[in-house]
Amino acid sequence: MTAPRRSDATRAAILDAARERFAADGYERATIRAIARDAGIDPSMVMRYYGNKEGLFAAASEFDLRLPDVGALPARHIGAVLVTHFLDRWEQDEVLTALLRVGVTNEAGAERMRTIFKEQLGPIAAGVCPDPAEAADRAALVASQILGMALARYVLRLPRAVDMSREEIVAWLGPTVQRYLTDAAAVV
């Protein structure tokens, strides 16, 4: 087995520092200098590996939602399982919360969030909705519920959204997400 290269360790240190700095300061206030200082390296190394702040942000915000395989579930449980999963992700990983904060204030962050949800939630919607042609619309509706609750609970910290138990949130949002994914479309 070969030892990890020093450049791999440097890249990892930069990404760790960038994630923490973007989470703490947001995209606009985070600086290459501060991130380099946090990583214990010269700012030129950040530029060498990532080119610019946007390149660094894109690399630092690579995010796997680790969505569950809902194809094996009874259809009536999909909404509750997804809401529970997203609550777990928001509560266990500050990177996702930081990405949401940046996404509402910066176009690069918004684009990153759009890509993550399109690439990761889109296939789930396509796999369970009655009409695959509606998958993108259904995924957007699910994202509106998930991101709306995340914004209210973890970013804005609206008192009642924070005070609700996980069970209450799942009871309220689960059926809505379920309907968006599996019910017949409303006639317009």
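Worth saying up front: this structure is predicted, and the values here are computed from it rather than measured. Residue positions are given per chain, counting from 1 as you read along its sequence in written order. Owing to the predicted nature of the model, reporting of local features is limited to residues with pLDDT of at least 70; listing and counting of side-chain atom pairs is limited to 80 or more, with chain, interface and lining totals taken over all residues. Note that water and hydrogens are dropped before the side-chain values are worked out from all heavy atoms of the structure.

A.B. asks: Lay out the overall build of the protein with the relevant residues and their values.
C.D. replies: Across its full length, the protein holds ten helices and zero strands. Over its C-alpha atoms, taken along the principal directions, the protein stretches across nearly 60 × 40 × 35 Å. Contacts are residue-level and defined by heavy atoms, with any inter-residue pair within 4.5 Å sufficient. Residue pairs in contact within the protein that sit at least 24 positions apart in sequence constitute 66% of those at least 6 positions apart. Looking at the protein as shown, the accessible area adds up to about 10400 Å², and 55% of this sits on carbon and sulfur atoms. The average position of the 23 basic charges and that of the 25 acidic charges among the side chains of the protein differ by 5 Å. Under the DSSP-based scheme used, a helix requires at least four consecutive residues in state H or I and a strand at least two consecutive residues in state E, with every element numbered from the N terminus. Surface accessibility in these figures is a Shrake-Rupley result with a 1.4 Å probe; residues are shielded only by whichever protein chains are displayed. Here the positive residues are Lys and Arg and the negative ones are Asp and Glu; neither His nor the chain ends is included. By convention, the charge on Lys lies at NZ, on Arg at CZ, on Asp at CG and on Glu at CD.

A.B. asks: So, unusual backbone geometry: which residues are in play, and what are the values?
C.D. replies: For Arg66, which is not a glycine, the phi torsion comes out positive at approximately 50°. One can find Arg66 in the loop between α4 (53-60) and α5 (78-92).

A.B. asks: Lay out the packing of helix α6 (residues 94-103) against helix α8 (residues 135-155) with the relevant residues and their values.
C.D. replies: Here an axis means a line fitted to C-alpha atoms, over the contact stretch when the element is a helix, while the angle between two N-to-C directions is reported on a 0 to 180 degree scale. Running from N to C, α6 and α8 cross one another at 100°; their axes reach a closest spacing of 11 Å. When the axis of α6 is compared with that of α8, the two are roughly perpendicular. Two secondary-structure elements touch here, α6 through Thr97, Leu100 and Arg101 and α8 through Leu147, Ala150, Leu151, Tyr154 and Val155. Side-chain classes are defined by residue name, with Ala, Val, Leu, Ile, Met, Phe, Trp, Tyr, Cys and Pro counting as nonpolar, Asp, Glu, Lys and Arg as charged, and the others, Gly among them, as polar. For the contact of α6 with α8, the residue count by class is six nonpolar, one polar and one charged. Angles are sorted into four bins: roughly parallel if under 35 degrees, roughly antiparallel if over 145, roughly perpendicular if 65 to 115, and oblique for all others.

A.B. asks: How would you sum up the confidence of the model for the protein? Please name residues and give values.
C.D. replies: Close inspection of predicted coordinates is inappropriate in any region flagged by low pLDDT. Every residue gets a pLDDT, meaning the predictor's confidence in that residue, from 0 to 100. Here the protein shows a mean pLDDT of 89. Residues at 70 or above account for 96%. Element-level pLDDT for the protein is lowest in α6, with a mean of 79, against a maximum mean of 97 in helix α9 (residues 159-163).

A.B. asks: Go over the nonpolar core, please, and point to the residues and values.
C.D. replies: To form a nonpolar core, buried Ala, Val, Leu, Ile, Met, Phe, Trp, Tyr and Cys residues must be joined to one another through side-chain atoms within 4.5 Å. Throughout, exposure labels follow a simple rule: accessible area from a 1.4 Å probe, protein chains only, divided by the maximum for the residue type, with under 20% read as buried, over 50% as exposed, and the rest as partly exposed. Of all hydrophobic cores here, the largest spans 58 residues; its most connected members are Phe22, Leu56, Leu82, Val83, Trp90 and Leu181. Residues within four places of Phe22 in sequence aside, it is in contact with Tyr27, Ala30, Ile35, Lys53, Leu56, Phe57, Ala60, Ala98 and Val102.

A.B. asks: With reference to specific residues and values, describe helix α1 (residues 6-29).
C.D. replies: The terminal C-alpha atoms of α1 lie 29 Å apart, and with 24 residues this falls more than 12% below the ideal 34 Å at 1.5 Å per residue. Within α1, burial applies to Ser7, Thr10, Ile14, Leu15, Ala17, Ala18, Arg21, Phe22, Ala23, Asp25, Gly26 and Tyr27. Among the structural elements, α2 (32-39), α3 (43-50), α4 and α6 are those in contact with the buried residues of α1. Between the first and last residue of a helix there are one fewer steps than residues, each counted as 1.5 Å, and that sum is the expected span.

A.B. asks: Run through the packing of α1 against α4, naming residues and quoting values.
C.D. replies: Taken N-terminus to C-terminus, the directions of α1 and α4 make an angle of 110°; their axes are 9 Å apart at the nearest point. In this view, α1 runs roughly perpendicular relative to α4, as classed from their interaxial angle. Every residue of α4 that contacts α1 at Ile14, Leu15, Ala18, Arg19, Phe22, Tyr27 and Glu28 is listed here: Lys53, Glu54, Leu56, Phe57, Ala59 and Ala60. Of the residues belonging to the contact of α1 with α4, the class tally is nine nonpolar, no polar and four charged.

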